Amino acid sequence: TRIEKFKVQTRATQPLYDRGMNFGVVNAFDLTRCTGPYKCKNFEVYGYAVGCEKWSDRASAFPHSQWYVKNVYPDATWYSLPGPCSSKGLGQKTKTCLKSEPGGACYNTSEPPTGAGDCTYSYQKVGEVSINELEGLHDPTTFKIMGGYEYNKYTDKGVHMSFWDGKEDVAACQKR
């Protein structure tokens, strides 16, 4: 398992920029299907704009303010990058849907986004780190043989590893 790192460039669509915004509302995507808010109709008005949600206070955490008190990463920022055929989930996308709902990813990722409704972001992979490397785990097999356990949800800590200890502790999360 690994965490991939990407360089992402964004550009607001003109209708969004005309309203004084560089980003739209964060849309939730479940198995690649847009599930809200506003029934995802914002794409029809603003194009497939990148969504941004700041977590500095409850009001700025819209549309997910109900989770604000559970946030263990103060001042976090969430982004949503609308993909093609966002009205359908995995395995449901048709050629017609892919053509009529192109999403916001630019086809030529070597150029900055144009801000057209179907070219609001570009991205390129710039690296990755394995979870084992992040945790400092060099030999997972020996670690397990020696009784190691990365994390136990009942004790809120690992055995022979402390990286994930305090899963909901703000200070521990900031350190990670």
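What counts and what doesn't
- Residues numbered from 1 in each chain as written.
- Predicted model: local features only at pLDDT ≥ 70, side-chain atom pairs only at ≥ 80, totals over all residues.
- Heavy atoms only, no water.
- Helix = DSSP H or I, 4+ residues; strand = E, 2+ residues; numbered from the N terminus.
- Rg over C-alpha atoms; globule rule 2.2 N^0.38 Å.
- Areas by Shrake-Rupley, 256 points an atom, 1.4 Å probe, with all protein chains shown as cover.
- Lys, Arg positive; Asp, Glu negative; His and termini not counted.
- Charge placed at Lys NZ, Arg CZ, Asp CG, Glu CD.
- Contact = heavy atoms within 4.5 Å.
- Phe/Tyr/Trp six-rings, centres within 6.5 Å; stacked < 30°, edge-to-face > 60°.
- Buried < 20%, exposed > 50% of the residue type's maximum accessible area, 1.4 Å probe, protein only.

**Q** Give me the lowdown on the overall build of the chain, citing residues and values where you can.
**A** Per the secondary structure count, the chain includes six helices and eight strands. If you list the helices and strands of the chain from N to C, you get β-α-β-β-α-β-β-α-β-α-α-β-β-α. Relative to a compact globule of 176 residues, whose C-alpha radius of gyration would be 16 Å, the chain shows 20 Å and is clearly more extended. Projected onto its principal axes, the C-alpha coordinates of the chain cover approximately 55 × 35 × 30 Å. Accessible area for the chain stands at about 11,900 Å²; split by element, carbon and sulfur atoms hold 53% of it. Both charge centroids of the chain, one from 22 positive and one from 19 negative side chains, sit 6 Å from each other.

**Q** So, the side chain of Glu101: which residues are in play, and what are the values?
**A** Looking at the element boundaries, Glu101 is found in the loop between helix H3 (95–100) and strand S6 (121–130). When residues no more than four places from it in sequence are discounted, the contact partners of Glu101 are Tyr48, Pro84, Cys85, Ser86 and Ser87.

**Q** So what's going on with the packing of aromatic side chains? Which residues, and what values?
**A** Evaluation of the coordinates by the stated rule reveals six aromatic pairs. Between Phe6 and Tyr123, the ring centres sit 6.0 Å apart and the planes meet at 75 degrees, which makes this aromatic pair edge-to-face. Of this pair, Phe6 sits in strand S1 (residues 2–10) while Tyr123 is found in strand S6, placing the two residues 117 residues apart along the sequence. By relative accessible area, which is 38% here, Phe6 ends up partly exposed. Site record: aromatic cluster; members linked through ring pairs are Phe6, Tyr121 and Tyr123.

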